[in-house]
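# Topology and contacts: notes
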Amino acid sequence: MLVLSVQAILIFCWVYVRKYQSRRESEVISTITAIFALAVALITSALLPVDIFLVSYMKNQNGTFKIWADANVSRQIEDTVLYGYYTLYSIILFCVFLWIPFVYFYYEEKEEDDGNTCSQVKTALKYTLGFITICAVLLLIGAFVPLDIPNKKNSTEWEKVKLLFEEFGSSHGLTALSFSISSLTVIGMLAAITYTAYGMSALPLNLIKGTTSASYERLENTEDIEEVEQHLLRIKSKCRDGRPLSSRDRRTLQQLEERLRTLRRRERHLESIEKSWWTKFCEAIRPLKIVWGVFFIIVALLFTVSLFLSNLDKALHSAGFDSGFIILGTNLTNPLNMLLPVLQRVFPLDYILITTIVMYFIFTSMAGIRNMGIWFFWTRLYKIRRGKTRPQALLFLCMILLLIVLHTSYMIYSLAPQYVMYGSQKYLVQSNETIDGQPRNVTLVSKDCDADAPEDQCIVTRTYLFLHKFWFFSAAYYFGNWAFIAVFLIGLIVSCCKGKKSVIEVFPFQFVFSESSNHQVRQDFCSQRTE
């Protein structure tokens, strides 16, 4: 089952990358890197449902542990999940700080300089060294800034340094890795605020609104062609009496001819789109797209309401900023946190829902990146277009998705905190029956695991422990959730105000211009008139 899942993920990644990469600039190394990075992102996102399933599977529905789930077996399962997290997170560090930057700068250098490969590799390594330095700094900070140091006033400086090394050795460097991953998760939070929040509104509304009709665009295009041709005739008529055209008219003539060539190519492409079987198929399933769009917008609103109530609960009942707004238990319930315990009664509906939520965040992130493109502050670096995306843009896309996946676990925890902590576990509590004020029978009643449960009765998921290892990161995630809600609402308004997408965006095509030949035709035409 695991092998089939990995194979399915790899096939999906290959199809997705091949769908968007440019046919002209396709490179083997960048393609392999993009497919591998995207696969790592999807596999990492699948760890959360597995973690929740394993801690839940060790207990029966009546709150007792299963026969095989003794203390040693439980610890082994917990350690296996934990090391699975650290293995995939180490691969993510390798991709983000070494592999993807190296491949990116290698192709950037290749475009600027077509010299020998050795110089391109040296230049790429030189720029990649900066990313490696950042990674090393994060690892050192995480390793040598312990979370809890005993305060001994009489200890010497050497004893303090010795204590740091002892803590580093005792944790085997896992704290350093946790700090580095948490730092990347903060960056992933910013990417999720930018792309996922917008994608949650853009994806469903694009499905509902659809695209403009190819026949309608052909009619508009024909009118534009007639208008440009009339303008061209007016300019060319100026050189019929032997006078040469002014420099301004020559520039206008050149622009109009370029515009006319573009419109004619667009006309041919729209005609092929109108006659294609895929267009007819899309028109036939148009009602289904509207249904999916309505469903996705309802899901997006459900997530937003759940996230708002969860954050409001933390604001009202947590210990505050110094604790990272961590809250044990749930005081203000939200729709998703209510739905998951209900689905627990029918296996495996709750795991299907949590897996669906994870994949929903991934695909809405992809939709947000496709709609917005890749930006660095106010500068757009790349566009993501079907069949026309450059290798560097695909590498950026996969790196952003890697970072967003890191933040996905905390997003789901914010939506359903109690479920992410304990899954469907129950524990036994004593219930005293009283008759006439006197205790008569003592019975054991199963109860859902929560913060009040005994530590040896409920097993906390490794995801929860990993998310709350550093309180200051938890505080950053808390404020990031408020920003996520705000960006989603803004994106919803913007998506509602935007018009339909052009059918050209769904069926892209290449504009090919012949500047030299058209310039020569223009010179020959006017030179004949002036002779």
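Reading guide: rules and limits
Residues numbered from 1 in each chain as written. Predicted model: local features only at pLDDT ≥ 70, side-chain atom pairs only at ≥ 80, totals over all residues. Heavy atoms only, no water. Disulfide = S-S within 2.5 Å. Buried < 20%, exposed > 50% of the residue type's maximum accessible area, 1.4 Å probe, protein only. Salt bridge = Lys/Arg side-chain N within 4 Å of Asp/Glu carboxyl O. Helix = DSSP H or I, 4+ residues; strand = E, 2+ residues; numbered from the N terminus. Core = buried A, V, L, I, M, F, W, Y, C linked by side-chain atoms within 4.5 Å. Contact = heavy atoms within 4.5 Å. Arc of directions from axis to C-beta. Phe/Tyr/Trp six-rings, centres within 6.5 Å; stacked < 30°, edge-to-face > 60°. Lys NZ or Arg CZ within 6 Å of the ring centre and 35° of its normal. Axes fitted to C-alpha atoms, helices over the stretch in contact; angles between N-to-C directions. Parallel < 35°, antiparallel > 145°, perpendicular 65-115°, else oblique. Left-handed = near helix turned anticlockwise from the far one by under 90°. Nonpolar A, V, L, I, M, F, W, Y, C, P; charged D, E, K, R; others polar. UniProt positions renumbered as here; feature names shortened; annotations may be inferred. pLDDT = per-residue confidence, 0-100. Pairing = 2+ DSSP bridges.

## Some remarks on the state of the cysteines
When the sulfur atoms of two cysteines share a covalent bond, that bond is a disulfide. Using the criterion set out here, one finds zero disulfides in the structure. Distance from the sulfur of cysteine 398, which forms no disulfide, to the nearest cysteine sulfur (cysteine 13) is 7.9 Å. Overall, the relative accessible area of 2% leaves cysteine 398 in the buried class.

## Re the pattern of salt bridges
The full count for this structure, using the stated rule, is two salt bridges. Between arginine 259 and aspartate 224 there is a salt bridge; the shortest N-O distance is 3.9 Å. Residue arginine 259 is found in helix α9 (residues 247-275), and its partner aspartate 224 is found in helix α8 (residues 214-236); the two are separated by 35 residues along the sequence. What makes aspartate 224 partly exposed here is its relative accessible area of 28%. Of the charged contacts, one joins glutamate 229 and arginine 264 as a salt bridge, the two residues approaching to 2.9 Å between their closest N and O atoms.

## Digging into the nonpolar core
Core analysis: the largest hydrophobic core is formed by 102 residues, its most contacted members being Phe303 and Leu402. With 18 residues, helix α14 (residues 391-415) is the single largest residue contributor to this core. If we skip the residues at most four places from it in the chain, phenylalanine 303 touches Met200, Leu336, Ile357, Tyr360, Phe361 and Leu415. Val228, Leu245, Leu253 and Leu263 belong to the second largest nonpolar core, which has ten residues in total.

## Regarding helix α12 (residues 335-343)
By the burial criterion, the buried members of α12 are Leu336, Asn337, Leu340 and Leu343. An end-on view of α12 places all buried positions within 130° of arc, on one side of the element. In this fold, the buried residues of α12 make contact with α11 (286-317), α13 (349-372), α14 and α15 (417-422).

## So, the packing of aromatic side chains
Scanning all chains against the criterion turns up 24 aromatic pairs. Relative to tyrosine 360, the ring of phenylalanine 296 lies with its centre 5.9 Å away and its plane at 40°, an arrangement referred to as tilted. Of this pair, phenylalanine 296 sits in helix α11 while tyrosine 360 sits in helix α13, placing them 64 residues apart in sequence. Of the two residues examined, phenylalanine 296 and tyrosine 360, each falls in the buried class. Here tyrosine 478 and phenylalanine 479 contribute two aromatic rings whose centre-to-centre distance is 5.1 Å and whose plane-to-plane angle is 75°, an arrangement assigned as edge-to-face. Take phenylalanine 479: its relative accessible area is 44%, and that puts it in the partly exposed class. Among the aromatic residues, those joined into a cluster by ring pairs are Trp292, Phe295, Phe296, Phe303, Tyr360 and Phe361. Over the ring of tyrosine 127 we find lysine 126, and its NZ or CZ is 5.4 Å from the ring centre.

## Examining the packing of helix α3 (residues 47-57) against α13
Running from N to C, α3 and α13 point in directions that differ by 160°, and their axes come no closer than 10 Å. Of the possible angle classes, the one that applies to α3 and α13 is roughly antiparallel. Here α3 and α13 pass one another in a crossing that is right-handed. Along the contact surface, α3 presents Pro49, Ile52, Phe53 and Ser56, while α13 presents Tyr351, Ile354 and Thr355. For the contact of α3 with α13, the class distribution of residues is five nonpolar, two polar and no charged.

## Observations regarding the UniProt feature "coiled-coil region" (unreviewed entry) in the protein chain
Here the UniProt-annotated "coiled-coil region" (unreviewed entry) positions come out as residues 246-273. Between the C-alpha atoms that bound residues 246-273 the distance is 40 Å, and the span itself is 96% helix and 0% strand.

## With respect to the confidence of the model for the protein chain
Looking at the protein chain, the pLDDT average stands at 76 and 82% of residues meet or exceed 70. The secondary structure element of the protein chain with the lowest average pLDDT is helix α19 (residues 515-530), at 38, and the one with the highest is helix α17 (residues 471-497), at 88. Ignoring residues within four places in sequence, the model shows residues 509-531, a span with pLDDT below 50, making 34 contacts including any to other chains.

## Remarks on the UniProt feature "transmembrane region" (unreviewed entry) in the protein chain
As annotated by UniProt and renumbered to match this structure, "transmembrane region" (unreviewed entry) occupies residues 28-48, 83-107, 127-147, 174-198, 290-309, 351-372, 393-413 and 470-494. Across residues 83-107, the secondary structure splits into 100% helix and 0% strand, with the terminal C-alpha atoms separated by 34 Å. Structurally, residues 290-309 comprises 100% helix and 0% strand, and the distance from its first C-alpha atom to its last is 29 Å.

## A word on the environment of leucine 93
Within the secondary structure, leucine 93 sits in helix α4 (residues 71-112). Spatially, the C-alpha atoms of leucine 93 and serine 180 are 8.1 Å apart, while their sequence positions differ by 87 residues. Leaving out residues up to four positions away in the same chain, leucine 93 has contacts with Leu98, Leu177, Ser180, Ile181 and Leu184.

## Here's the deal with the pairing of strand β2 (residues 379-382)
Pairing of strand β1 (residues 374-376) with β2, which is carried by three bridges, proceeds in the antiparallel orientation. What sits directly across from phenylalanine 376, in β2, is threonine 379. In this antiparallel pair of consecutive strands, β1 and β2, the connection spans two residues, and phenylalanine 377 shows a positive phi of 60°.

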